[in-house]
Amino acid sequence: MSLKSFPAIAAVIPAAGVGQRMQADKPKQYLRLHGKTILEHSVKPVLAISAVQQLYLALSPNDPYFAATGLTAENIVRVDGGAERVHSVLNALLAIDAEKMPWVLVHDAARPLVRPQDIELLIQRCLEVGHGGILATPVRDTMKRGQSLINATVEREHLWHALTPQFFPTALLRANIQAALAAKVVITDEASAMEWANEPVLLVEGHSDNLKITRPADLQLAAFYLEQNQ
Ligand SMILES: Nc1ccn([C@@H]2O[C@H](COP(=O)(O)OP(=O)(O)OP(=O)(O)O)[C@@H](O)[C@H]2O)c(=O)n1
Ligand SMILES: C[C@](O)(CO)[C@H](O)COP(=O)(O)O
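Note that the coordinates shown come from a computational prediction; the quantities given were computed from them, not determined experimentally.

Engineer: Kindly report on the site of ligand 2, identifying the contributing residues and their values.
Structural biologist: Around ligand 2 sit Arg-21, Arg-85, Asp-108, Arg-111, Ala-162, Thr-164, Thr-188, Asp-189 and Lys-212, and those are all the residues in its vicinity. Arg-21 places a side-chain nitrogen or oxygen 3.2 Å from an oxygen atom of ligand 2. Contact with the protein chains hides 73% of the accessible area of ligand 2, taken as 360 Å² for the molecule alone. Taken together, the residues of the shell around ligand 2 break down into 1 nonpolar, 2 polar and 6 charged.

Written as C-alpha cells, this is what we have:
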C-alpha cells in the first residue's frame, strides 16, 4: 500500500512538559542538539509523512520558547498542554476533526531520533490489520522489580519498551482516553487507554536509538546517534 493511499492522518506532539528529570535550565524539548532544538528534530520526521495533514502541538500555555524555534508552518496548530502528558494529548485530540482525519499519530517531543521509515512501517502495519499500534523495542536485559533489594525477576520474553509514535483511530482513542481518565486509570501512553478498553494494539519493532530524552546523559547519547546516522 503506497503512503499516498493512506487516509488523512493527524499528528499530535505533546510538548508541554517541564523536563524535571533533565535538570536543565529550560524544558528539555528546547535544549539544542546539532544546532536545532529537540522539538524541531522530533517534528521533522512526523511532518515528512505525506499522509500527515495537520500537526497539533500541545504547548505550555505560557511557553516562552516556541516562537524562537521557527516552527510556524501553516499546518501546525497549537493547543494548550495539560497537567500530565495524557491531558496534553487529549486536548489535542479534542481539537481534531476525526471525520477529516480518521487516524492520529502521537509522538513525544522528547524523541528526536525517530526514523521516518519506522513511522511509515507503523502506519502501514496498522492499516493492514485495521487497528492501532505502537513502535516498540524488545527488552534486552534481565529485568528486576524492587527498590533497594530485588523483589523479583520479571519474565523478559515478550517484554517490550513502548516507544512513540503510537497510531490509532482518532475518535476511538479520544473516547477511550476520556473513559479511562473518568475511571481514574493511570495513562502513561495512548496504548494503555486502548488496552484498558480491550482494544487490540499492534507491536511494531522500531529502532532502539529512538530514545526519549529524559535524563542529562541522554543528550550526549542522542548526539552520538545523530552523528552515526548522518
Ligand atoms: N504535562 C505534560 C507532560 C509531558 N508532556 C510531554 O510528553 C512527552 C513525554 O513526557 P516526559 O518525557 O515525561 O516529559 P516531561 O514530563 O517534561 O519530563 P519529566 O517527567 O522529567 O518532568 C514530552 O515530550 C513532554 O513534553 C506534555 O506534553 N505535557
Ligand atoms: C509515551 C512514552 O514515551 C512511551 O514509553 C512514555 O510512556 C512517556 O512516559 P513519561 O513518563 O511521560 O516520559
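Anyway, onward from the coordinates.
Engineer: Could you give an account of the site of ligand 1, naming the residues involved and the relevant values?
Structural biologist: The immediate surroundings of ligand 1 are formed by 19 residues, with Gly-19, Gln-20, Arg-21, Lys-28 and Ser-88 found nearest. A distance of 2.7 Å is found between an oxygen atom of ligand 1 and a backbone nitrogen or oxygen belonging to Gly-19. In this structure, Ala-109 approaches ligand 1 through a main-chain N or O atom, which is 3.2 Å from an oxygen atom. The protein chains hide 87% of the 560 Å² of surface that ligand 1 would expose on its own. When residues of the shell around ligand 1 are traced back to their parent elements, those giving at least two are strand 1 (9–15) and helix 2 (85–93). A class-by-class count of the residues in the shell around ligand 1 yields 7 nonpolar, 6 polar and 6 charged.

Engineer: So what's going on with the confidence of the model for the protein? Which residues, and what values?
Structural biologist: Across the protein, pLDDT averages 95, with 97% of residues at or above 70. The complex model carries a pTM of 0.96, and its ipTM stands at 0.98.

Engineer: Lay out the UniProt feature "site: Transition state stabilizer" (unreviewed entry) in the protein with the relevant residues and their values.
Structural biologist: Under the present numbering, the feature "site: Transition state stabilizer" (unreviewed entry) in UniProt falls on Arg-21 and Lys-28. Here Arg-21 is to be found in the loop between strand 1 and strand 2 (32–33). In contact with Arg-21, not counting residues within four places along its chain, are Lys-212, Thr-214, Arg-215 and Pro-216. Within the fold, Lys-28 resides in the loop between strand 1 and strand 2. Those residues within four positions of Lys-28 in sequence are excluded, and the remaining contacts are Gly-19, Met-22, Ile-38, Ala-110, Lys-212, Ile-213 and Thr-214.

Definitions and cut-offs
- Residues numbered from 1 in each chain as written.
- Chains lettered and ligands numbered in written order.
- Predicted model: local features only at pLDDT ≥ 70, side-chain atom pairs only at ≥ 80, totals over all residues.
- Heavy atoms only, no water.
- Near = heavy atom within 4 Å.
- Polar contact = N/O pair within 3.5 Å; in protein donor to acceptor, adjacent residues only side chain to side chain.
- Areas by Shrake-Rupley, 256 points an atom, 1.4 Å probe, with all protein chains shown as cover.
- Nonpolar A, V, L, I, M, F, W, Y, C, P; charged D, E, K, R; others polar.
- Helix = DSSP H or I, 4+ residues; strand = E, 2+ residues; numbered from the N terminus.
- pLDDT = per-residue confidence, 0-100.
- UniProt positions renumbered as here; feature names shortened; annotations may be inferred.
- Contact = heavy atoms within 4.5 Å.

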